[in-house]
Amino acid sequence: QVPLVESGGGLVQAGGSLRLSCTAPGRTFSRYAMGWFRQAPGKEREFVAAISRKNNVRYAESVKGRFTISIDNAKNTVYLQMNSLKPVDTAVYYCAAGDRLYGPYTDWGQGTQVTVSS
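Residues numbered from 1 in each chain as written. Predicted model: local features only at pLDDT ≥ 70, side-chain atom pairs only at ≥ 80, totals over all residues. Heavy atoms only, no water.

(A) Representation of the overall build of the protein. Scanning the protein from N- to C-terminus turns up zero helices and 11 strands. Ordered by position from N to C terminus, the α and β elements of the protein give β-β-β-β-β-β-β-β-β-β-β. Whereas a compact globule of 118 residues would reach a radius of gyration of roughly 13 Å, the protein reaches 13 Å, a difference of no more than 12%. With respect to the three principal axes, the spread of C-alpha positions in the protein is 40 × 25 × 25 Å. Each of the 118 residues in the protein was classed as buried or not, and the buried ones make up 45%. Long-range contacts, defined here as pairs at least 24 residues apart, represent 55% of the contacts in the protein between residues at least 6 apart. Taken as a whole, the protein presents about 6200 Å² of accessible surface, with 48% of it coming from carbon and sulfur. Taking the average place of the 14 positive charges on the side chains of the protein and the average place of its 8 negative ones, the gap between the two points comes to 4 Å. (Helix = DSSP H or I, 4+ residues; strand = E, 2+ residues; numbered from the N terminus. Rg over C-alpha atoms; globule rule 2.2 N^0.38 Å. Buried < 20%, exposed > 50% of the residue type's maximum accessible area, 1.4 Å probe, protein only. Contact = heavy atoms within 4.5 Å. Areas by Shrake-Rupley, 256 points an atom, 1.4 Å probe, with all protein chains shown as cover. Lys, Arg positive; Asp, Glu negative; His and termini not counted. Charge placed at Lys NZ, Arg CZ, Asp CG, Glu CD.)

(B) The arrangement of the nonpolar core in detail. In this structure, M34, W36, V78, L80, M82 and Y93 are the most contacted members of the largest nonpolar core, which totals 35 residues. Where this core is concerned, the elements lending two or more residues are β3 (18-23), β4 (33-39), β5 (46-51), β7 (67-72), β8 (77-82), β9 (91-98) and β11 (112-117). (Core = buried A, V, L, I, M, F, W, Y, C linked by side-chain atoms within 4.5 Å.)

(C) Local environment of the packing of aromatic side chains. A complete count under the given rule lists three aromatic pairs for this structure. Ring geometry for F37 against F47: centres 5.6 Å apart, planes inclined by 75 degrees, an arrangement best described as edge-to-face. Of this pair, F37 sits in strand β4 while F47 is found in strand β5, placing the two residues 10 residues apart along the sequence. Residues F37 and F47 agree in their burial class; the two are buried. Relative to Y105, the ring of F37 lies with its centre 5.3 Å away and its plane at 70 degrees, an arrangement referred to as edge-to-face. Within this pair, whereas F37 is found in strand β4, its partner Y105 is found in strand β10 (residues 105-108), the two being separated by 68 residues in sequence. In this pair, the class of F37 matches that of Y105, namely buried. An aromatic cluster of three or more residues is present, and its members are F37, F47, Y105 and W108. If you follow R45 out to its NZ or CZ, it ends over the ring of W108, 4.5 Å from the centre. One cation-aromatic arrangement involves R58 over F47; the distance from NZ or CZ to the ring centre is 3.9 Å. (Phe/Tyr/Trp six-rings, centres within 6.5 Å; stacked < 30°, edge-to-face > 60°. Lys NZ or Arg CZ within 6 Å of the ring centre and 35° of its normal.)

Here it is in structure tokens:
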């Protein structure tokens, strides 16, 4: 399988925005449910957002109203628009592909670091 590759992470001040991208040249994202997860230092990986093959979406309560997941099937790219960022959003963010909106997610990217300063 072509690996998933995340990009768009970085350092941002609290209240700022970032847009993460996940792509895999040659894959057909419309065949998968796509998700974003994150892992903060010393914590377990947690769910952030997901989008199904039918474009149904779900979000973690902690990011509802601030983050938006979207997909461009023509570009085989899934995005995570993150607004009103908080220091607690600091984590490594991972893209994942799976069969259904609620998982399981079986293919994972290497992650991209997001750091939110106060």
